[in-house]
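A structural walkthrough
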Amino acid sequence: MRQAIAFNFIQILFVVGFAPLYSGVLSRLKEIVQSKRGASIFQPYRDLWKLFHKDQVISSETTWIFQFTPYLVFIAPAFVAILIPVLTNYPLVFAFMGDMLAGGFFLGLAGFFAALAAVDTGNPYGPMGASRTRMVGFLAEPVFMIVFFTVSFVAQSTIPYIVQQKWIANPASFFSPAHVLLLIAFLMLILAEGGRIPVDNPTGHFELAMIDESKGLEFSGRDAALMKWGGQMKFLVLACIFLNVLLAPWGLAQGRGLLEVLAAIPLVLIKVLLFAVVLVTIETSLAKLRLFRISEFLGAAFIASVTAMIVSIFFAY
Amino acid sequence: MAAQMSAPEALNTLSAGLVLISAFAMVATRQVQGVVRFFVVQSALLAASCFLLGFAQHSLHLYALGAITIIAKVVAIPWVLKRVLARALYVRREIDQVFNIPSSLLLALLLAIMAVLLVSPLMSMTPDPVIRINLPIGLAGVLIGAFSLMARREAVPQLIGILAMENGAFFAGIAIAAELPLIAELTVAFNVILIAVIVGLVAKNIQERIGTTEAGALTRLREEPMSWR
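1. Details of the overall build of chain B
Scanning chain B from N- to C-terminus turns up eight helices and zero strands. Within chain B, buried positions represent 43% of all 229 residues. In chain B, the proportion of contacts linking residues at least 24 apart, taken out of those at least 6 apart, comes to 77%.

Shown next as structure tokens:
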């Protein structure tokens, strides 16, 4: 029991500790592909360090929401990390406290407060970005739901640990059309939710074109660091769900020893790195979509997920 | 119902999923070139399925089919279209469709669901996992191809619609009737190339004379002395 709680903490530390590294690796890879040199992969850590040591300015017009939001944005992904298999193959203590839907709701809650805080400031770009994020959000919501329904139908459960075992136990269902369609829908969802390129440009600094970034414009000092870190953690958590639960449920710790759990860390990092290469390929080969084309992009994701559901209902494997 | 599958058959289901996705992608793509590209991807997957099933059933026949598919659809048809059509036409973007992209995708989805529903009574007749996968997805491919034939307004995507229907029928066919005579498949492969050449030439002529190949815009009859060159 005590050991399992310790493993849970290791999972949280993994997500908290490696999220800035992952974002650094992603942007470095992208710069290399664009034949630039790029900043060091440890640059996000330095940015966070710098922001934590800066003064903080809070507008007197804002309410408690503005001060509360950074903590929620930071804590929500860490909380989701105890519900999903980040390092271990078997359910840990808190695994049955909530399923994948609960994880989605936690991330959604953080997103909701981030949008509220953006409106709270009265900065003209904040509400604009917030409403755009909501647009992407409500288009992504049905895809999210149907992906989870399909998963729960195939695996007879929505607890991520059990879903993951299902793919390992039955290779035929791993290769089934339902699973492929599900993977594609979820990948498109990650691109939309993580603010990656066909939907949003994470490195863009042009306020009028921003979707995700503009919500954080008014934060400074520690709050800005927490918002940034929270965003990086959210992306790593989504990548972990995609890789460990759906795409490649291998390389996680099987046994209950501390060493095995620690040994899983490099393996998961390698998987995540490979995923980063795929993401960079997608990001550099596509252009950012116009705002009203996003509905087409997420519409296609919706079609893929619904087809997955239909196929899985009629051809249960 | 977990039917035990061999590895090639499991890979065949993977390629089935991708065939369905490329059918949707053909509906969702605006650019003529993109449509042709997804058609090539679909045909390559079809050939891969042929090889995998040929390996699983030790059928030389299916290997031959896969080879024909690669020669005819992956190599010959894109080459013919590129040669025959003017470049302006090949890289063209089709702005004006009967339905916009999200609604045509939704309609394609309805067609796919219909295909699955239509096939499901037949499912109780066979325990063969390959047929259970290939038949509904092949039928969905046929229906989605027919839909894009109807909903597209440019000549080349319409042509690709016909060819995609053929692909769907083929995909179902390799599972149901693996021992279809080779001569039939050869004829089909030749016909398909001929269709591509003829439609390509006609589209080129129409474009030269009228300046557009938007089939949707060709509604009026024009009297003009015939001048065959």
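2. Considering the overall build of chain A
If you tally the helices and strands in chain A, you get 11 helices and zero strands. Ordered by position from N to C terminus, the α and β elements of chain A give α-α-α-α-α-α-α-α-α-α-α. By the compact-globule yardstick of 20 Å for 317 residues, chain A fits well, its C-alpha radius of gyration being 19 Å. Taken along the three principal axes of its C-alpha coordinates, chain A extends 55 × 45 × 45 Å. Classification of the 317 residues of chain A by burial places 52% in the buried group.

3. Here we look at the nonpolar core
Residue and element names in this part refer to chain A. Counting 166 residues, the largest nonpolar core has Val-143, Leu-181, Ala-185, Leu-189 and Ala-301 as the members making the most contacts within it. Counting residues per element, this core draws most heavily on helix H9 (residues 221–247), which supplies 17 residues. Apart from the residues lying within four places of it in its own chain, the contact partners of Ala-185 are Val-143, Val-147, Ala-301, Ala-304, Ser-305 and Ala-308.

4. Looking at the interface of chain B and chain A
Every contact between the two is made by 25 residues of chain B and, on the other side, 23 residues of chain A. Put simply, the parts of the chain that give the side of chain B that touches chain A at least two residues each are helix H1 (7–28), helix H5 (101–123) and helix H6 (129–151) of chain B. Among the elements that line the side of chain B that touches chain A, the one with the most residues is H1(B), at 11 residues. Counted by class, the side of chain B that touches chain A contains 21 nonpolar, three polar and one charged residues.

5. Considering helix H1 (residues 2–33) of chain A
All names here are of chain A. With 32 residues, H1 ought to run about 46 Å at 1.5 Å a step, and its terminal C-alpha atoms sit 45 Å apart, in line with that. Taking the largest bend as the criterion, H1 deviates by roughly 40 degrees, centred on Phe-18, and proline Pro-20 comes between one and four positions later. Directly after H1, the chain includes Ser-35, whose backbone phi takes a positive value near 50 degrees.

6. Focus: the environment of A:Val199
Residue and element names in this part refer to chain A. If you trace the backbone, Val-199 turns up in the loop between helix H8 (177–193) and H9. Taking the C-beta count within 10 Å as the criterion, Val-199 has 26 such neighbours and is therefore assigned buried. Between the alpha carbons of Val-199 and Ala-287 there is a distance of 9.0 Å; along the sequence they are 88 residues apart. Leaving out residues up to four positions away in the same chain, Val-199 has contacts with Val-136, Leu-191, Ala-192, Leu-289, Ile-294 and Phe-297.

7. Quick word on the packing of H1(A) against helix H2 (residues 43–52) of chain A
A pair of packed helices can be characterised by two numbers: the angle between their axes and the separation between those axes. Residues and elements named next belong to chain A. At a closest axis distance of 7 Å, the pairing of H1 and H2 adopts a crossing angle of 125 degrees. When the axes of H1 and H2 are compared, the pair comes out oblique. Of the residues in H2, those touching H1 at Pro-20, Ser-23 and Gly-24 are Gln-43, Pro-44, Tyr-45 and Leu-48. When its residues are assigned to classes, the contact of H1 with H2 shows four nonpolar, three polar and no charged.

8. A look at the confidence of the model for chain B
Residue and element names in this part refer to chain B. The pLDDT averaged across chain B works out to 82; a share of 85% of its residues lies at or above 70. Per-residue pLDDT, averaged within each element of chain B, yields its smallest value for helix H4 (residues 87–90) (66) and its largest for helix H2 (residues 32–57) (91). Note on the complex model: pTM 0.86, ipTM 0.77.

9. A few points about the environment of B:Leu118
Take B:Leu118: it is sitting in helix H5. It is 29 Å that separates the C-alpha atoms of B:Leu118 and B:Leu182, two residues lying 64 residues apart in sequence.

10. So, unusual backbone geometry
In this structure, A:Ser35 takes a positive phi of about 50 degrees despite not being glycine. One non-glycine residue with positive phi stands out, namely B:His58, at about 50 degrees.

11. Overview of helix H5 (residues 125–155) of chain A
Residues and elements named next belong to chain A. Given a rise of 1.5 Å per residue, 31 residues ought to cover 45 Å, and the 43 Å separating the end C-alpha atoms of H5 matches this to within 8%. A maximum bend of about 30 degrees is found in H5 at Ala-140, where proline Pro-142 lies one to four positions downstream. Remark: Gln-156 follows H5 within two positions and exhibits a positive phi of approximately 60 degrees.

12. Some thoughts on the environment of A:Leu286
Residue and element names in this part refer to chain A. Here Leu-286 shows up in the loop between helix H10 (258–285) and helix H11 (294–314). Given 14 C-beta atoms within a 10 Å radius, Leu-286 is considered partly exposed. Spatially, the C-alpha atoms of Leu-286 and Ile-197 are 7.3 Å apart, while their sequence positions differ by 89 residues.

13. Describing the packing of H1(A) against H9(A)
Residues and elements named next belong to chain A. Where H1 meets H9, the closest approach of the two axes is 8 Å, and the angle between their N-to-C directions is 95 degrees. For the element pair H1 / H9, the angle class is roughly perpendicular. Residues Val-15, Val-16, Phe-18, Ala-19, Pro-20, Tyr-22 and Ser-23 of H1 form the contact with H9, whose participating residues are Trp-229, Gln-232, Met-233, Phe-235, Leu-236 and Val-237. Residue classes in the contact of H1 with H9 are distributed as 11 nonpolar, two polar and no charged.

Parameters and conventions
Residues numbered from 1 in each chain as written. Chains lettered and ligands numbered in written order. Predicted model: local features only at pLDDT ≥ 70, side-chain atom pairs only at ≥ 80, totals over all residues. Helix = DSSP H or I, 4+ residues; strand = E, 2+ residues; numbered from the N terminus. Buried ≥ 20, exposed ≤ 12 C-beta atoms within 10 Å, placed from the backbone. Contact = placed C-beta atoms within 7 Å. Rg over C-alpha atoms; globule rule 2.2 N^0.38 Å. Core = buried A, V, L, I, M, F, W, Y, C linked by C-beta atoms within 7 Å. Nonpolar A, V, L, I, M, F, W, Y, C, P; charged D, E, K, R; others polar. Expected span 1.5 Å × (residues − 1). Bend = angle between axes of the 7 residues up to and from the residue. Axes fitted to C-alpha atoms, helices over the stretch in contact; angles between N-to-C directions. Parallel < 35°, antiparallel > 145°, perpendicular 65-115°, else oblique. pLDDT = per-residue confidence, 0-100.

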